[in-house]
Amino acid sequence: MITKIKKILQKKNKSKIISLTAYSKNIAKILDNYCDIILVGDSMANVLYAQKNTHRISLKKIIEHSASVRQGVKRSLLVVDMPKGTYENVRTAEKNARLVIKSTSCDAIKLESNKKNYKIIKALVEKNIPIMGHIGFTPQFKKKFKVEGQTKSQIKKLYKEAQLIENAGAFAIVLECLSPNAAKVITKNLKIPTIGIGSSDNCDGQILVTDDMLGLSGFYPKFVKKYARLDRIIEKAVKEYSKDVKFGKFPSPKNYLNGSKRK
Ligand code: KIV
């Protein structure tokens, strides 16, 4: 097991695991000093490519963005999401996961659970491909964005699903949009760390989509805390630039490459 994964496992019940998403080098470089895990999420389908769901993002796109992110990540664990339709059986899953690892030098792969693909996780782990699971609201397989695990029987089912993923050999698991009680039961009873999104503080770590928490995506459900309004900051800068160009204030002589004055 690689050292970075060992360190993440050691954090369980000791200190929180900090994770964010990235789709490009420049952002990844900033996150790298503060995150344990950086995920190249298939959420890029919605966030970058304005698609209505994550179903059509290609493996090629995920690989291109991950290769860019790799350039900015030195210390965090780099995890790459496998897009829908690329891990439907053991053979395809292994072929595609190996392609992702070879092309991006990422450290691990994330697969969403469809309550049936435990054997695929097990097979990949046995072939030394580190896997992160993902349960709850799994956008590749579910249409409705809703809180899961609101009744005892739902919590039991989610816990069973998480257990099967742990038994298959995953090193961590994302809990997306789970009730606080469901997150608590799963986190308390699993040996592997849980990384929550919209699943309360009852998790071993947290992840957010970076564009959401920076106020860039326009998608702000209640579980997203907006730590910045980059949309406003960018708009202010662009407005100022546009005015400067219009009124001849930019470029000024100090921006001239040879330093000479405008004649
Ligand atoms: O695609 C993604 O960004 C994700 C996170 C929301 C966990 O899967």
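Look up a bit, the structure's there.
Residues numbered from 1 in each chain as written. Predicted model: local features only at pLDDT ≥ 70, side-chain atom pairs only at ≥ 80, totals over all residues.

**A look at the pairing of strand E8 (residues 205-208)**
The two faces of the sheet receive side chains in turn, since in a regular strand these alternate between them. As a reminder of what qualifies: Counting other C-beta atoms within 10 Å of a residue's C-beta gives its exposure: the residue is buried at 20 or more, exposed at 12 or fewer, and partly exposed in between, where C-beta atoms are placed from the backbone. Note on conventions: DSSP H or I runs of at least 4 residues are helices, E runs of at least 2 residues are strands, and numbering of each starts at the N terminus. Here, any two strands with at least 2 DSSP bridges between them count as paired.
Side chains Gly205 and Ile207 of E8 all project onto a buried face; the interleaved residues Gln206 and Leu208 project onto a face where none is buried. By the bridge criterion, two bridges tie strand E7 (residues 194-197) to E8 in an arrangement that is parallel. Considered in E8, the bridge of Gly196 is made with Gln206.

**Comments concerning the site of the ligand**
Note the cut-off: In this text, near has one meaning. A residue is near a molecule or strand if its C-beta atom, placed using the backbone, is within 6 Å of it. Residues are sorted three ways: Asp, Glu, Lys and Arg are charged, Ala, Val, Leu, Ile, Met, Phe, Trp, Tyr, Cys and Pro are nonpolar, and all the rest, Gly among them, are polar.
Close to the ligand lie Thr21, Leu39, Gly41, Asp42, Ser43, Asp81, Val174, Ile197, Ile207 and Val209, which account for all nearby residues. Looking at the shell around the ligand residue by residue, the class counts come to five nonpolar, three polar and two charged.

**Topic: the environment of Ser76**
Put simply, the rule is: Two residues qualify as a contact pair if the distance between their C-beta atoms, derived from the backbone, is within 7 Å.
Relative to the helices and strands, Ser76 resides in the loop between helix H4 (59-72) and strand E3 (77-81). Given 25 C-beta atoms within a 10 Å radius, Ser76 is considered buried. Spatially, the C-alpha atoms of Ser76 and Asn202 are 23 Å apart, while their sequence positions differ by 126 residues. Not counting residues within four places of it along the chain, the set of residues in contact with Ser76 comprises Asp32, Cys35, Asp36, Ile37 and Ile38.

**Looking at the packing of helix H5 (residues 90-104) against helix H6 (residues 118-126)**
As a reminder of what qualifies: Fitting a line to C-alpha atoms yields each axis, with helices limited to the stretch in contact; the angle taken between N-to-C directions then spans 0 to 180 degrees. Angle categories: roughly parallel below 35 degrees, roughly antiparallel above 145, roughly perpendicular from 65 to 115, and oblique for all the rest. With the far helix as reference, a near helix turned anticlockwise by less than a right angle produces a left-handed crossing, and one turned clockwise produces a right-handed crossing.
Viewed as axis vectors pointing N to C, H5 and H6 meet at an angle of 45°, and their least axial separation amounts to 9 Å. When the axes of H5 and H6 are compared, the pair comes out oblique. The hand of the H5/H6 crossing is right-handed. Contacts from Val90, Ala93, Glu94 and Ala97 in H5 reach Lys119, Ile120, Ala123 and Leu124 in H6. Its residues assigned to classes, the contact of H5 with H6 shows six nonpolar, no polar and two charged.

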